[in-house]
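# An overview of the molecular structure
This is what each chain is made of:
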Amino acid sequence: MLKVAVLVSGGGTNLQAILDAIDEGKIRNARIVSVISNNPNAYALERAKKHGVPAVCITRKACGSTEAFNAALLKALQDCGADLVVLAGCLVVIPKEIIRAYEGRIINIHPSLIPSFCGTGFYGLKVHEEALKRGVKVTGATVHIVDEGTDTGPILLQKAVEVKEGDTPEILQRRVMEEAEWILLPKAIDMLANKEA
């Protein structure tokens, strides 16, 4: 059974997609052992508690320094025995110590078809704003392995999503989540848990 730690910063819709996929048997041989947030107000923490999943909040402010925060985050991952770390709307730059400790075992979902609209500064609505500004007809989402770059690790899965006339960044963001992110992230976890990736 693959032990999964999910790192979150906000509402936790991707976390919910993972929880639902485990309940529905779409993710086999995996369970979430911890949900970790850097934001005490993240609704994702509530989603975890409602599902009986251990949830913890670790903030830079409470830790006092970036170094202490990084060390606390690494300890939390080690303490829960995580085999796989899933970044599900996590707005923390994962420190090199954690990437090295979990090399090839950290995945991220990015709301575009990498290599488009990715890298430093491309997160949340900014990705969709840029896609609309550029006038692309197709966008989507990508699940990739996290390396020491920003959105540069090996790609596991991608799914295209149509951009429609009259889309706003918010409407496009919702469509990308519904049609790509909530499908790809559980699928990637299932593939890794069953050694199909």
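Our subject is the structure that appears above.
For the structure given in this document, a descriptive report is provided here. Given the structure is predicted, the values throughout are model-derived calculations rather than measurements.

## With respect to the sheet that holds strand β5 (residues 106-110)
With mixed pairing, seven strands are arranged side by side in an open sheet as β3-β2-β1-β4-β5-β6-β7. Single-partner strands in this sheet number two, and they are β3 (55-57) and β7 (155-162). Put simply, the sheet's adjacent strands are angled 20° from each other on average, direction ignored. Examined bridge by bridge, strand β1 (residues 2-8) and strand β4 (residues 84-87) share four bridges and lie parallel to one another. Across the sheet, residue Val 6 finds its bridge partner in β4, namely Val 86. Sitting on the sheet, helix α7 (residues 169-193) is in contact with β1, β2 (30-37), β4, β5, β6 (138-145) and β7, with an inclination near 155° to β7.

## Some details on helix α1 (residues 13-23)
For the α-helix, the turn length of 3.6 residues means that residues three or four positions removed from each other point alike. Residues Asn 14, Leu 15, Ala 17, Ile 18, Leu 19 and Ala 21 constitute the buried set of α1. In the core, the buried residues of α1 are packed alongside β1, β2, α2 (43-50), β4, β5 and α7. At the exit of α1 stands Gly 25, carrying a positive phi of roughly 80°.

## A few points about the pattern of salt bridges
Under the defined criterion, the tally for this structure stands at eight salt bridges. Asp 79 is paired through a salt bridge with Lys 75; the nearest N and O atoms lie 2.6 Å apart. One end of the pair is Asp 79 and the other is Lys 75, both in helix α4 (residues 66-79) and four residues apart, which spans about a single turn. Judged by its relative accessible area of 55%, Asp 79 falls in the exposed class. A relative accessible area of 49% means that Lys 75 is categorised as partly exposed. In this structure, Arg 175 and Asp 167 form a salt bridge, with 2.7 Å as the shortest nitrogen-oxygen distance. Here the two residues Arg 175 and Asp 167 agree in accessibility, since each one is buried. Each of Arg 28, Asp 190 and Glu 196 takes part in salt bridges that share partners, so that together they form one network.

## Overview of the state of the cysteines
All told, the structure shown has zero disulfides when counted by the stated rule. Free of any disulfide, Cys 57 has its nearest neighbouring cysteine sulfur in Cys 63, separated by 9.3 Å. Cys 90 takes part in no disulfide bond, and the closest cysteine sulfur to it belongs to Cys 57, at a distance of 11 Å. Take Cys 90: its relative accessible area is 13%, and that puts it in the buried class.

## As for the side chain of Asp 151
Mapped onto the fold, Asp 151 is located in the loop between β6 and β7. Comment: no salt bridge for buried Asp 151; closest opposite-charge side chain is Lys 126, at 12 Å. Of the polar contacts made by the side chain of Asp 151, one reaches the side chain of His 110; its length is 3.5 Å. Within polar-contact distance, the side chain of Asp 151 engages the side chain of His 144 at 3.3 Å. Once residues within four sequence positions are removed from consideration, Asp 151 is found in contact with Asn 108, His 110, Ile 114, Cys 118, Gly 119, Phe 122 and His 144.

## Things to note about the pairing of β2
Two faces, one strand: in a regular strand the side chains alternate between the faces of the sheet. Summarising burial for β2: seven of the eight residues are buried, a large majority. Here seven bridges tie β1 to β2, and the two strands are oriented parallel to one another. Residue Val 6 lies in a different strand from β2, and its bridge partner there is Val 35. After leaving β1, the chain enters α1 and then returns to the sheet as β2, a path that is right-handed. The sheet contact formed by β2 and β3 spans three bridges and is parallel. Counted as the bridge partner of Ser 37 is Cys 57 from β3.

Reading the values: the criteria
- The numbers attached to residues start from 1 for each chain and follow its sequence in the written order.
- For this predicted model, a pLDDT threshold of at least 70 governs which residues receive local features, and a threshold of 80 or more governs which side-chain atom pairs are given and counted, while totals over whole chains, interfaces and linings are taken from all residues.
- Based on all heavy atoms of the structure, the side-chain values leave hydrogens and waters out of the count.
- Any two strands are treated as partners once DSSP identifies two or more bridges connecting them.
- Secondary structure counts use DSSP, requiring at least four H or I residues in a row for a helix and at least two E residues in a row for a strand, with both numbered from the N terminus.
- Note on definitions: angles span 0 to 180 degrees between N-to-C directions of axes, and those axes are lines fitted to C-alpha atoms, for helices only across the stretch in contact.
- Any two residues whose heavy atoms approach within 4.5 Å are treated as being in contact.
- Burial classes follow relative accessibility: with a 1.4 Å probe on protein chains only, a residue under 20% of its type's maximum area counts as buried, one over 50% as exposed, and anything between as partly exposed.
- Every case where a carboxyl oxygen of Asp or Glu lies within 4 Å of a side-chain nitrogen of Lys or Arg is listed as a salt bridge.
- Any pair of cysteine sulfurs within 2.5 Å is marked as a disulfide.
- The charged-residue count follows a simple rule in which Lys and Arg add positive charge and Asp and Glu add negative charge, with His and chain termini not counted at all.
- Polar contact is the term for a pair of N or O atoms within 3.5 Å; when the atoms are in protein, one must be able to donate a hydrogen and the other to accept it, and sequence-neighboring residues count only if both atoms are side-chain atoms.
- With the strands aimed away from the viewer, a crossover counts as right-handed if its path from the first strand over the helix to the second runs clockwise.

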